[in-house]
Amino acid sequence: MQYRTFGRTGWKVSEVGYGMWGMAGWTGSEEKEVNDALDRSIELGCNFFDTAWGYGKGLSEQILNNTIKRHPGKRLYVATKIPPRNFTWPSKPHFKLEEVFPAAHIVEYTEKSLKNLGLETIDLQQFHVWEDSWAQLDEWKEAITKLTKEGKVQSWGISVNRWEPDNCLETLKTGLIDGVQVIYNIFDQNPEDRLLPLCREKNIGVIARVPFDEGTLTGTLTKETTFPKDDWRATYFVPENLNASVDHADALKPLIPAGMTMAEMAIRFILSNPDITTTIPGMRRIKNVESNMHCSDGKGLSAALLKELKGHRWDRTPTKWSQ
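Small disclaimer: the values here were computed from a predicted structure and weren't measured.

1. Overview of the overall build of the protein
Helix and strand counts for the protein stand at 12 helices and 10 strands. Based on the C-alpha atoms only, the size of the protein along its principal axes is roughly 55 × 45 × 40 Å. Buried positions account for 55% of the 323 residues belonging to the protein. Considering only residue pairs separated by 6 or more positions, the protein has 77% of its internal contacts joining residues 24 or more positions apart.

2. Let's talk about empty space enclosed by the protein
Considering all chains together, one arrives at one cavity of 30 Å³ or more under this definition. In this structure, the largest cavity is lined by Asn161, Arg162, Trp163, Glu164, Pro165, Val182, Ile183, Asp188, Gln189, Asn190 and Pro191. Grouping the constituent residues of the lining of the largest cavity by class yields five nonpolar, three polar and three charged.

3. Observations regarding the packing of helix α1 (residues 31–43) against helix α2 (residues 59–70)
Helix-helix packing: each pair is described by the crossing angle between the helix axes and the interaxial distance. The geometry of α1 relative to α2 is characterised by a closest axis approach of 11 Å and an angle of 50 degrees between their N-to-C directions. By the angle between their directions, the pair α1 and α2 is classed as oblique. In the crossing of α1 with α2, the sense of the turn from one axis to the other is right-handed. In contact with Val34, Asn35, Leu38, Asp39 and Ile42 of α1, α2 contributes Ile63, Thr67 and Arg70. The residue inventory of the contact of α1 with α2, partitioned by class, reads four nonpolar, two polar and two charged.

4. Comments concerning the environment of Gly10
On the secondary structure map, Gly10 appears in the loop between β1 (3–5) and β2 (12–14). Each C-alpha atom of the pair Gly10 and Gly205 lies 9.6 Å from the other, and the pair is 195 residues apart in sequence.

5. Looking at the side chain of Arg4
When you line up the elements, Arg4 lands in strand β1. At a separation of 2.6 Å, a polar atom in the side chain of Arg4 contacts the main-chain carbonyl oxygen of Leu271. Apart from residues no more than four positions distant in its own chain, Arg4 is found in contact with Trp11, Lys12, Val13, Glu15, Leu271, Asn273, Pro274, Ile276 and Thr277.

6. Re the packing of aromatic side chains
Summed over all chains, the structure comprises 24 aromatic pairs. Where Phe101 meets Phe127, the ring centres are 4.8 Å apart and the plane angle is 70 degrees; that geometry is what we call edge-to-face. Of this pair, Phe101 sits in the loop between α3 (97–100) and α4 (103–117) while Phe127 sits in strand β6 (residues 122–127), and the two are 26 residues apart along the sequence. The two residues Phe101 and Phe127 agree in class, both being buried. For the ring pair Phe101 and Trp134, a centre distance of 6.1 Å and an interplane angle of 90 degrees mean the geometry is edge-to-face. You can see Phe101 sitting in the loop between α3 and α4 and its partner Trp134 sitting in the loop between β6 and α5 (138–149), a full 33 residues away along the chain. Over the ring of Trp314 we find Arg316, and its NZ or CZ is 4.0 Å from the ring centre.

7. Description of helix α9 (residues 239–252)
Residues separated by three or four positions in an α-helix point in the same direction, a consequence of the helix having 3.6 residues per turn. Taking 1.5 Å of rise per residue, 14 residues should cover 20 Å, and α9 covers 20 Å from first to last C-alpha, within 8% of that figure. Lining the buried residues of α9 we find α8 (233–236), α10 (262–271) and α12 (303–310).

8. Some details on the environment of Asp50
Within the secondary structure, Asp50 sits in strand β4 (residues 48–50). Note: C-alpha distance between Asp50 and Leu255 (205 residues apart in sequence) is 31 Å. When residues no more than four places from it in sequence are discounted, the contact partners of Asp50 are Tyr18, Gly19, Met20, Tyr55, Ala79, Lys81, Gln126, Gln181 and Ile280.

9. Comments concerning the pairing of strand β8 (residues 179–183)
Within a regular strand, the side chains alternate between the two sheet faces. Counting buried residues in β8 gives five out of five residues, a clear majority hidden from the surface. Of the two faces of β8, the one holding Gly179, Gln181 and Ile183 and the one holding Val180 and Val182 are both buried throughout. By the bridge criterion, three bridges tie strand β7 (residues 153–159) to β8 in an arrangement that is parallel. Along β8, the bridge assignment pairs Ile158 with Val180. Here β8 pairs with strand β9 (residues 205–209) via five bridges, running parallel. Following the sheet pairing, Val180 is matched in β9 by Val206. Crossover handedness for the path β8 to helix α7 (residues 195–202) to β9: right-handed.

10. Comments concerning the nonpolar core
The biggest cluster of nonpolar side chains holds 77 residues, and the ones touching the most others in it are Tyr18, Phe101 and Phe127. Per element, the largest residue contribution to this core is eight residues, and it comes from α10. Not counting chain neighbours up to four residues away, the residues in contact with Phe127 comprise Ile82, Phe101, Ile106, Trp140, Ile144, Trp156, Gly157, Ile158 and Ser159.

About the thresholds
Residues numbered from 1 in each chain as written. Predicted model: local features only at pLDDT ≥ 70, side-chain atom pairs only at ≥ 80, totals over all residues. Heavy atoms only, no water. Helix = DSSP H or I, 4+ residues; strand = E, 2+ residues; numbered from the N terminus. Buried < 20%, exposed > 50% of the residue type's maximum accessible area, 1.4 Å probe, protein only. Contact = heavy atoms within 4.5 Å. 1 Å grid on protein atoms, 1.4 Å probe; cavity = no way out; pocket = protein on both sides within 12 Å on 5 of 7 lines; lining within 4 Å. Points joined across faces, edges and corners; volume = space filled by probe spheres on them. Nonpolar A, V, L, I, M, F, W, Y, C, P; charged D, E, K, R; others polar. Axes fitted to C-alpha atoms, helices over the stretch in contact; angles between N-to-C directions. Parallel < 35°, antiparallel > 145°, perpendicular 65-115°, else oblique. Left-handed = near helix turned anticlockwise from the far one by under 90°. Polar contact = N/O pair within 3.5 Å; in protein donor to acceptor, adjacent residues only side chain to side chain. Phe/Tyr/Trp six-rings, centres within 6.5 Å; stacked < 30°, edge-to-face > 60°. Lys NZ or Arg CZ within 6 Å of the ring centre and 35° of its normal. Expected span 1.5 Å × (residues − 1). Pairing = 2+ DSSP bridges. Right-handed = clockwise from strand over helix to strand, strands pointing away. Core = buried A, V, L, I, M, F, W, Y, C linked by side-chain atoms within 4.5 Å.

Shown next as structure tokens:
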């Protein structure tokens, strides 16, 4: 496992972290399987875990709590998220700060996360949605300053809405944000335009989420793929999106190097960018943990392949189904 410095925090975090959305709220998450996968990731050097109160109404945080207890003495970095007060993902431009993140709500859910996690302090507390129009409002600033002074939170971050990487730039310029979480993968290269250069300038850690484009970049989806009704992906991979996603994935298949899977190529594409601090694939099985952690060996993709993959950028805008 290779490690990178998380911006100005100075933390040395594994460049492949653990996305814990799949630990709760999706189908197929069995307790033993989940715990075994988490333990195996730590054995392989993973030390960065990203969860949220919104993942199973605290269940994912509680699972991480138990994981931390099973590994006393290990320095594991914990990132979680405050849900929007109106429980609407993603945020919408017309939402007001008092509807989404009033000060009392920020404090309340930080306290809930501390309890779920069994911790006295959270390494990285993130806003689970964001609107850059809130950048200069005092209420959220006063709340996070209070929680930081009380030692309940070490650093603060923003999880940027899907396909809106620029919807946080002014907020990052306030100097109050230490980490930004954004969708970045072979298809979603937009953060390279303005977000990543600003993070480099301000020394802000970058978490690349959705490395497999919700599964498209594993190369396993077909136009006949279906998901159970209670699986979030059933509402995301509507025919319009599924068909286009499979077409884009199929176009990548001739580029996959010998002995490599599409999923490995997807992870290595992200790790080839030095502006990314860590990426957080969702993993529920040991085999997925092992294959993803294997990608952190200091060997990026060749310059020629990276150039080819740049041509597969797929610019998209939020829709009713993109969530």
